[in-house]
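# Structural overview
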Amino acid sequence: MVLCKQDLNDKADSLDVYITTPRFNPSNEEYVAVSNGLEQSQVINGINKTTHFKHRYAIPAYLIAIAVTNYEVYSHTVDNSGNPFDIVNYVYPENLSSAQASTPITVDIMNLYSNLFEEYPFANEKYGHAQFGWGGGMEHTTVSFMGSFGRDLIAHELAHQWFGDKITCGSWKDIWLNEGFATYLSGLTIENLDGGTSFKSWKAQLISSITSIPNGTVYLTDTDTTNVNRIFSSRLTYNKGAMVLHMLRKKIGDNNFFQGIKNYLSNVNYAYSYAKTEDFIPIMEAASGENLTAFFNNWLYKEGYPSYTIEWNQPSVNQVHIQISQTQSDPSVSYFEAPVPLRLIGALGETLDITLNNTVNQEDFFNSVNFTVASIQFDPEADLISKNNTVTLANNKSEIENNFLLYPNPAQDNFTITKPDNIEVDQIKIFNIFGQLLYQTQWTQKINVASFSSGVLFVQLDTSQGVINKSVLKN
Ligand SMILES: [Zn+2]
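The chain has the name Aminopeptidase N in an unreviewed UniProt entry, where Thalassobellus suaedae is given as its organism. Quoted verbatim from the Sequence similarities (unreviewed entry) field of the UniProt record, the comment on the chain reads "Belongs to the peptidase M1 family."

Next comes the structure, spelled out in C-alpha cells:
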C-alpha cells in the first residue's frame, strides 16, 4: 500500500517496496519483480515470494512503479569514473535476444549525458529498463518502463532521470521542463552519435511539426492543465519545448547554455525537488549575462512562429547588404527577436555562415564578405522555428538608387539631393556626357549648377553602399 500526496510539491524522501507474488506462473516459470532503487532481498514463503526494493532518493508519487512477470534479467556496467553502477534490463523472454542487441547503447548515452551535464543523479543505486505492454515508455526513477528498445526511446527516458525525475516540473503548466528537455536530449544523442546532418534532419522534422498549426503555447494555461492531451501535446510540449531549448543554446552559445543547465541541475532549491519555468529563466540569464525576458515571452508564453523575407544585394565586392523582414503566424507576438542564421554561397562554391541579430522589421545589415555572393540560404542547419521564408536578390542597387532623389529635374541654377538616413555619402562627382569631371564635393544636399552648360549631367555618389549613379538635365 502506498499513501502519498498525488501532487507536484512534495516528494517522498525514500521508498521501500515489498512485492509478494506467487513464485511461479502457471507454466512453472519464475516470476521476477522489479521496482525503483536496488533489490535488497527475495524471501520465499511457501508458494509465494516477497521481493524488497529500496530507493533512497526523494521521489514524486507518479514515478513509483512495480512490475512482475517471467522477466529475463541482464545488466550492463557503467564505469562512471570509477564509481560503477549497473544498468539492469528486465525483458520478456521472447524478446531477450533483440533487447540484448539494442540496450548496450544505453551505456554510451549515459556517458554522453554525464559528460554534457553531470553524473547520473541516482548513481548510488541503478538505472534500468523494465519491458511493459504499452506503447512508448515511462521514466520511473531508476527503472524506465519500455514498450520497445529503440535508441530514441532509450535516450528520451534516460534523459528524464535528470529532467523530470531529479528535477520535476513544479506544475503541469511547466511540463515542458520534463518533456521538452527529454526530447531535446534525444536530439543531442543524434547530434553526438550520428553527426550534424542527422541532427539537422531531426530539427527540421520538429520545426515542421511545430509550424503545422499557427498558434499554441508551450507554457500551459490553468484550463490546459485539466486536459491530458494538451499537457502531453507532442507538437507544443515536446517538440516546441525542445526547439526553444535549441534556440536558447544558439542565442547564448554552447558554453553558457550547458553551464546554465548544469547550474539548474545542481541548484539546491530544485535538485531532487521541483522547479517552474520562472525558476529556470533567471538561472539561464545569470549564466549568459543576457536578459532573456523577450526570448522566453515570445517562444514559451506566447504563440506562433515567424515567416521571414530576406532581400539582399552586394553593393561592393567586399560587402553584402541584407534586409530582414518578418510576419507572425499569431498576433500574440508583435516581433520575434531571434538570431537569424544565413549561409552565403559564393559563385565559386565558397561559403560563409553568418547570424544576424534581428529585432525589428526591415532591419538592414551590412556584412563583410571576400567573395562574390551567388545565393543566400536561409537557416541552413534548421536552428530557427519558422516557416514560409523567402530569400530574394534585390535588383542590384536599383532599389537603393531609387531611394535617392535629385530635384528639380530639369534643374536651372541648382538641385537638391535627398538620401536614406542609413546611407552615408562621401563624395559627389558631376560629369558631362563626354565623361569630363566638372565638379567634385563632399556630401552636401544642394548643388549649384548655374555655371554648367546645358545638357545631361551625370551625378556619381560614393556611398557607404557602393557607387550610385543618377542624372539631372541642366537647362
Ligand atoms: Zn517523456
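Having seen the model, we can carry on.
The next point concerns the overall build of the chain. Regarding its fold elements, the chain presents 11 helices and 26 strands. In terms of overall dimensions, the chain is more spread out than a globule: its C-alpha atoms have a radius of gyration of 32 Å, far above the 23 Å expected for 475 residues. The C-alpha extent of the chain, read off along each of the three principal axes, is 120 × 45 × 35 Å. When the 475 residues of the chain are sorted by exposure, 51% land in the buried category. In the chain, 64% of the contacts between residues at least 6 apart in sequence involve partners at least 24 apart. Split by element, the accessible area of the chain, about 21100 Å² in all, is 47% carbon and sulfur. Seen as two clouds, the 29 positive and the 48 negative side-chain charges of the chain have centres 4 Å apart.

Charged atoms that come close allow side chains of opposite charge to pair. Using the criterion set out here, one finds 13 salt bridges in the structure. The salt bridge partner of Asp16 is Arg56, with a shortest N-O separation of 2.8 Å. Of the two residues, Asp16 sits in strand S1 (residues 15-22) while Arg56 sits in the loop between strand S4 (48-55) and strand S5 (66-69), which places them 40 residues apart along the sequence. Judged by relative accessible area, Arg56 falls into the partly exposed class, the value being 40%. Notably, a salt bridge pairs Lys203 with Asp383, separated by 2.8 Å at the nearest N-O pair. Residue Lys203 is located in helix H5 (residues 196-210), and its partner Asp383 is located in the loop between strand S18 (373-378) and strand S19 (390-393); the two are separated by 180 residues in the primary sequence. By relative accessible area, which is 10% here, Asp383 ends up buried. Ionic contacts of the salt-bridge type, sharing partners, join the residues Glu191, Arg249 and Asp254 into one network.

With that settled, the discussion passes to the sheet that holds strand S9 (residues 137-138). Within a sheet, neighbouring strands are paired by backbone hydrogen bonds and run either parallel or antiparallel to one another. With mixed pairing, the 5 strands of this open sheet are ordered in space as S6-S7-S8-S10-S9. At either margin of the open sheet sits one strand with a lone partner, and together these are strand S6 (72-78) and S9. Sheet analysis places S9 next to strand S10 (residues 144-146), joined by 2 bridges and oriented antiparallel. Paired with Met138 across the two strands is Phe145, which belongs to S10. Across the sheet, helix H2 (residues 105-116) is in contact with S6, strand S7 (85-91) and strand S8 (126-131); its angle to S6 comes to roughly 35°. Of the strands in this sheet, S8, S9 and S10 touch helix H3 (residues 151-160), which is tilted by about 155° from S10.

Rules used in this analysis
Residues numbered from 1 in each chain as written. Predicted model: local features only at pLDDT ≥ 70, side-chain atom pairs only at ≥ 80, totals over all residues. Heavy atoms only, no water. UniProt positions renumbered as here; feature names shortened; annotations may be inferred. Helix = DSSP H or I, 4+ residues; strand = E, 2+ residues; numbered from the N terminus. Rg over C-alpha atoms; globule rule 2.2 N^0.38 Å. Buried < 20%, exposed > 50% of the residue type's maximum accessible area, 1.4 Å probe, protein only. Contact = heavy atoms within 4.5 Å. Areas by Shrake-Rupley, 256 points an atom, 1.4 Å probe, with all protein chains shown as cover. Lys, Arg positive; Asp, Glu negative; His and termini not counted. Charge placed at Lys NZ, Arg CZ, Asp CG, Glu CD. Salt bridge = Lys/Arg side-chain N within 4 Å of Asp/Glu carboxyl O. Pairing = 2+ DSSP bridges. Axes fitted to C-alpha atoms, helices over the stretch in contact; angles between N-to-C directions.

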